Amino acid sequence: MKNLVLSTAILALSAGLATAQTVRMGTEGAYPPYNFINDAGEVDGFERELGDELCKRAELDCQWVTNDWDSIIPNLVSGNYDTIIAGMSITEDRAQVIDFTQGYTQPDPSGYLVMSADADVKGGVVAAQTGTIQAAFIAESGATLVEFATPDETVSALRSGEADAVLADDAYLQPIADENDDLMMLEQQEMIGGGVGMGLRQSDDELRAKFDAAIDSMKADGSLNALIAKWEIGPGF
Amino acid sequence: MSCYLTTPKHMNFYTAFGTVLLLLAITAPASLLFGFGGAMLARHRIAPLSWIGKGYIAIVRGVPDIAFFLFFVIALDQGIEWVKHKVVCSDWDQPIRQGNDFVVCAQAKVPLATSAEWIHESYAFGTAVLTFAIVFGAFAANVLFGAMRAVPRPQIETAEAYGMSHRQAFWRVMVPQMWVYALPGLSNLWMVLIKATPLLFLLGIEDIVYWAREMGGSKTARFTDYPHGDWRMWYFLALLVFYLAFTRVSEIVLDRLMVRLSRGQATAAGEAQRRADA
Amino acid sequence: MSCLITIQDYGLRALGIGERLLPKEDFTLCQQFTLIGSGMIWNVYFGTLALLAGFFFAITLAMGKGSNNTLLRKPAEWFIFLFRGSPLFIQFFFAYFLFLSLKQVSPIFNPFTSAWLGALVVLFCNTAAYSGEIFYGALKSIPRGDLEAADAYGMSGWSRFRRITFPTMLRLGWPAYTNEAIFLFHATTLVFFSGFPAWQQRGDALYYARYFADKTFNPFIPYPILAMFFIILTLIVIAIFGVINKRLNRHLPQSSRPKMKLRPNLIR
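Computed from a predicted structure; not experimentally measured.

On to the domain arrangement of chain A, then. Residues and elements named next belong to chain A. In terms of domain boundaries, chain A breaks down into domain 1 (15-106 + 194-231) and domain 2 (110-190). A separation of 26 Å is found between the C-alpha centroids of domain 1 and domain 2. Counting residues at the interface gives eleven residues for domain 1 and ten residues for domain 2. Joining domain 1 to domain 2, the criterion identifies four residue pairs in polar contact (both at pLDDT 80 or more). For the side of domain 1 that touches domain 2, the class distribution of residues is six nonpolar, three polar and two charged.

Looking now at the interface of chain C and chain A. Residue-level contacts link 18 residues of chain C with 22 residues of chain A. For the pair chain C and chain A, the two sides together bury roughly 1800 Å², of which 50% comes from carbon and sulfur. Contact with chain A buries area across many residues of chain C, yet Arg20, Trp199 and Phe217 of chain C alone supply 31% of it, more than any other trio. Our count for the chain C to chain A interface comes out at one salt bridge. Lys103 of chain C is paired through a salt bridge with Glu162 of chain A; the nearest N and O atoms lie 2.7 Å apart. Taken together, chain C and chain A are joined by four residue pairs in polar contact (both at pLDDT 80 or more). Listing elements by their share of the side of chain C that touches chain A, those giving two or more residues are helix H4 (88-105), strand E1 (198-199) and helix H8 (205-216) of chain C. If you tally residues by element for the side of chain C that touches chain A, the top one is H4 of chain C, at four residues. Within the side of chain C that touches chain A, the residues separate by chemical class into eight nonpolar, four polar and six charged.

The next thing to look at is unusual backbone geometry. Residues and elements named next belong to chain A. Between Pro32 and the following residue, Pro33, the backbone shows a cis peptide bond with an omega angle of 0 degrees. The residue Pro33 is located in the loop between strand E2 (30-31) and strand E3 (35-37) in this model. At Glu232, a residue that is not glycine, the phi angle is positive and equals roughly 55 degrees. Relative to the elements of secondary structure, Glu232 occurs in the segment after helix H8 (223-231).

Summarising the element assignment, Ser67 of chain C is placed in the loop between helix H2 (29-65) and helix H3 (70-84). Those residues within four positions of Ser67 of chain C in sequence are excluded, and the remaining contacts are Leu72 and Arg73 of chain C.

So, about the sheet that holds strand E10 (residues 144-148) of chain A. Spatial strand order, E12(A)-E8(A)-E11(A)-E9(A)-E10(A)-E1(C): six strands in an open sheet with mixed pairing. At either margin of the open sheet sits one strand with a lone partner, and together these are strand E12 (184-190) of chain A together with E1 of chain C. With four bridges joining them, strand E8 (residues 110-114) of chain A and E12 of chain A adopt antiparallel strand pairing. Pairing of Gly111 of chain A across the sheet is with Gln189 of chain A, part of E12 of chain A. Lying over the sheet, helix H4 (residues 133-140) of chain A contacts E8, strand E9 (125-129), E10, strand E11 (165-169) and E12 of chain A, oriented at roughly 150 degrees with respect to E9 of chain A. Strands E8, E11 and E12 of chain A of the sheet are contacted by helix H6 (residues 170-179) of chain A, whose axis makes an angle of about 125 degrees with E11 of chain A.

Turning next to a negative patch on the surface. Together, Glu92 and Asp93 of chain A together with Glu25 and Asp26 of chain C line one region of the surface with negative charge. Assessed through its relative accessible area of 67%, Asp26 of chain C is described here as exposed.

Rules and cut-offs
Residues numbered from 1 in each chain as written. Chains lettered and ligands numbered in written order. Predicted model: local features only at pLDDT ≥ 70, side-chain atom pairs only at ≥ 80, totals over all residues. Heavy atoms only, no water. Domains from an automatic or database assignment. Contact = heavy atoms within 4.5 Å. Polar contact = N/O pair within 3.5 Å; in protein donor to acceptor, adjacent residues only side chain to side chain. Nonpolar A, V, L, I, M, F, W, Y, C, P; charged D, E, K, R; others polar. Buried area = accessible area lost by both parts, 1.4 Å probe. Salt bridge = Lys/Arg side-chain N within 4 Å of Asp/Glu carboxyl O. Helix = DSSP H or I, 4+ residues; strand = E, 2+ residues; numbered from the N terminus. Pairing = 2+ DSSP bridges. Axes fitted to C-alpha atoms, helices over the stretch in contact; angles between N-to-C directions. Patch = residues over 30% accessible without salt bridge, like charges linked within 9 Å, V, L, I, M, F, W, Y side chains within 5 Å. Areas by Shrake-Rupley, 256 points an atom, 1.4 Å probe, with all protein chains shown as cover. Lys, Arg positive; Asp, Glu negative; His and termini not counted. Charge placed at Lys NZ, Arg CZ, Asp CG, Glu CD. Buried < 20%, exposed > 50% of the residue type's maximum accessible area, 1.4 Å probe, protein only.

In structure tokens:
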């Protein structure tokens, strides 16, 4: 399943870098502000800017590829692209199958988006995207889990009364709550996941080291914090 | 509003309709070719060859639909890379399956990681076409196999009595006549093929279903110039209308084709035409 | 022994009975067989109910399309065209969004957004349209002599329909209808694939097969298991329809009884 539409090769820094290694960056393109498809039909968002900057620092030639969330790991493993950069939280379960770089965000708390403040998130119906840490969390809490293929569908389900609440990353839900009068965030948050990192094949240690070094350098000069603040992803480092 | 409908993103959506038509335009003749080959194999005089032909028809048709599509493309992709790996990198000493990973040497990647984006896209499209062609080829083989047997036996015998070889009789007498028997089955198959095109979505091609879902989803003002609520219903309504119109047009064209093909044939419809003309 | 426990825990998981959490690691073959088999409950449920209910509607549609009255014929023709002319995949998507909108209008539509009812309605309409066309074709090919004989005996209206038209139509359309039934069972795998969400990870066989393929990253085990279950289901359907076919044709001499020709179709 090769899945690609929009991808842009980053211009090589100089003529000497024209032969830089090509890295294909896999993302979902449906999870603003992390990643989404903008009006021009291109991948945009926090991770787009971050990824482009990381590739520049690691002297890699990057191409962007989009892939459905539910098959994003299998396609990495079978080699259709080389990294996953899709707001993917670092978890034990996933780490058994793929390797992660160090986190490029602080652990982002997950929040509940609800229609009314008295929604029952313990015993009611909570919507989450299939295969996310939030879905796994609800399956274990007392609430009834209802799963959807894309994050947007979870919000529609809340609106239509299918679900009492949506559980997702705070950064994703907050703009939606801000712009819609009928939706709000609960004060209660769940600390799940250990920050977002880039996923790579376990056999790709060399590439992982390059990205780790690039993330280090962005952390050191404050440019990562600037990006996090710009896209309102959460607390900086 | 006109600006909304002409964003580059919408252009992608419109192009996707072209992708669907292109898929049909390539897949239809390709599966006919597969089908013709399969049918010829299935009725071959050498038994093992005929078993291969019959096996192809039976296996593809016996496996439940979506499951086949879901894993066939991954299997095909890995199969191609595995073969190329064996040929190109014979001195490679590491195992191909490292734990969960499927690793082949960089030269054996199909397409090469360094190749341009359009090559990646065409390759993905190519595997999808091949998958469709193999599956629908088996169905077409079944139809053609039946059609070849439906050609009246005396026609072939007459041809042989005139001294034609087996091969000549097949190509000059049987093949021109079989189409009229095959057409009802093939038109049905064409309809099924049209209705199977949303499955491109499962094969990872960003087709009309993908774009309808992506653009119909609600958008917040921070990330787009055109925020809107959940409009997926309208986008899917557009798809529904597209498919209905397409199948309707196909139906009309195929009916006309049937009339044309029946002319001068030894069938009931051909006879009726002859009488009407007389 | 441990497999028995697995079957106890997960045998009815698709209905929400048994273990709450799906297995997370160390996936055994037994777990895959049990869960995918448990998902088959939904495939059988959708297929059987849609087929039973759709049968009667299909007869109505066939009679409607064959009718001389435009008011009866046109709606039947349009209904059949609508459902035969568009992909089931898109119908599911569309129906789900449609039901969501209707829900805002009236709470009567609340249960329709769940798969057990909403998807059933779509499958019901779909199979009714396809079988309606099959029975319409059969209706057109009833030998004229049969109907003339009925007239000669002074039969008309209901009694002619019940004793001549209906049984002959059924007999002629049955082989094609068998294919449609097999086809419908295959189509039930689309339910949780497009539109309708899975509640508490209760899904059909394909849902669980995908779950395992996602978790183990190995499509070569769960999908063949799924295929095996479907082949068994197909054989059962063929057997049941074969018995009915025999009964429908029991009055005919041995030599002229039509053989059942099986042509399972692909996706619709």
